[in-house]
Amino acid sequence: MFQVFTDFASWLTYSILGLSADTKLGSAVHFFIEDVSKIFALLIVLIYVIALLRASLNVENVRDYLARKHRGVGYLMGSGFGAITPFCSCSSIPVFLGFTSAGIPLGVTMSFLLTSPLINEVAILLLMSLLGWKFTVLYIVIGMSVGILGGLFLDVIKADRWLQSFAAKALKNGQSNFVAKTQGTADTPKRMTTRERHGFAKTETFGIFSRVWKWVIIGVGLGAALHGFVPDGWIEQHLGDKQWWSVPAAVLLGIPLYSNATGIIPVMESLITNGLPIGTTLAFCMSTVAASFPEFILLKQVMQWRLLAIVFAMLLVAFTLVGWIFNIFTPFL
């Protein structure tokens, strides 16, 4: 499936640019061209398809469905929806506000917001080719569990009191509209036509791609640099060989950085190739994707500092546990 991108990268790197496959520069450039072209193609196709599906989904109907179900089903559905949205939590904020405006409970919305930056269909495809199906399935299960348990925890502590005022007001209004609908006094939302859904999908594809393309290039560029120029064993030597402290150290190292789940996969590939244990690599990459400073600066738009700090600490603990679990069970997978 991906051979066409490998052939294209080989042609452009070795035939057109005249670089040698035996040099570190040639290897890095080939890595960069192959992964950028592959990720861009997958992004354009899959964002469009997912946007078409989302255009057919009415959040009010989702809210009504969740109201008739056990809250645990809501956490699972929120996490599942987050897993199929092809963007980071920065671009998930409008969807977050849409959920709160529809009156969907904060815990369910947070299950979506926590899962969305960690899992998407592009990352799953790339992980499958990189680590195999067993690691990919385990990663999906753990990523969704972080979202589900995080949403449950935030509901238990009544975290909706720490939303920014406009977001809290939107949630309250959405819940009031739900009461009005159950009493038959609310308007019925208009369904989109096929043409409108197509237009929505095109707009979403352009909008999301325009926001994430530079992060893909940055992530792949970093991955190419690691792949081509970092001496073998350097990263393993400095972060430890599956020592307990290497995982929290990797999590802390990822905080100042930023990428999305798609852009971080090439970095993950380079780190593993250079000898970093899989669990430590995943902890670093998950921190970079979902707990970075740039990410939380944007989340401050909808959360007060207290809620932001709780979510931040919760993610750091979760990622550290994920790294330790993967390092322990890697020999058995």
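Shown above is the structure to which this text applies.
The following paragraphs examine the structure supplied in this document. (Residues numbered from 1 in each chain as written. Predicted model: local features only at pLDDT ≥ 70, side-chain atom pairs only at ≥ 80, totals over all residues. Heavy atoms only, no water.)

On a plain count of helices and strands, the chain comes out with 16 helices and 0 strands. Sorting the 333 residues of the chain into buried and exposed places 50% on the buried side. Considering only contacts within the chain whose residues lie at least 6 apart along the sequence, 83% involve residues at least 24 apart. (Helix = DSSP H or I, 4+ residues; strand = E, 2+ residues; numbered from the N terminus. Buried < 20%, exposed > 50% of the residue type's maximum accessible area, 1.4 Å probe, protein only. Contact = heavy atoms within 4.5 Å.)

The topology assignment puts Pro266 in helix α13 (residues 261-273). Relative accessible area serves as the criterion here: at 0%, Pro266 is assigned to the buried category.

Bringing the nonpolar core into the picture now. The biggest cluster of nonpolar side chains holds 61 residues, and the ones touching the most others in it are Met110, Val311 and Phe319. Among the elements that make up this core, the one with the highest residue count is helix α16 (residues 305-329) (10 residues). Sequence-distant contacts of Phe319, that is, excluding residues within four places in its chain, are made with Leu118, Val247, Val251, Ala283, Met286, Ser287, Ala290 and Ala291. Within the second largest apolar cluster, 5 residues are counted, among which are Val36, Ile39, Leu43 and Val220. (Core = buried A, V, L, I, M, F, W, Y, C linked by side-chain atoms within 4.5 Å.)

Turning next to the side chain of Thr320. Following the sequence through the fold, Thr320 ends up in helix α16. Using a relative accessible area of 11% as the deciding quantity, one classes Thr320 as buried. Look past the residues within four positions of Thr320 in its chain and what remains in contact with it is Val247, Pro248 and Val251.

A separate point is the packing of helix α6 (residues 106-115) against helix α8 (residues 133-156). It is the contact of α6 with α8, at a shortest axis distance of 7 Å, that shows an interaxial angle of 150°. Comparing their axes, α8 and α6 come out roughly antiparallel. α6 and α8 meet at a crossing whose hand is right-handed. Counted together, Leu106, Gly107, Val108, Met110, Ser111, Leu114 and Thr115 of α6 and Gly143, Met144, Val146, Gly147, Ile148, Gly150, Gly151, Leu154 and Asp155 of α8 form the full contact between these two elements. The class makeup of the residues in the contact of α6 with α8 is 8 nonpolar, 7 polar and 1 charged. (Axes fitted to C-alpha atoms, helices over the stretch in contact; angles between N-to-C directions. Parallel < 35°, antiparallel > 145°, perpendicular 65-115°, else oblique. Left-handed = near helix turned anticlockwise from the far one by under 90°. Nonpolar A, V, L, I, M, F, W, Y, C, P; charged D, E, K, R; others polar.)

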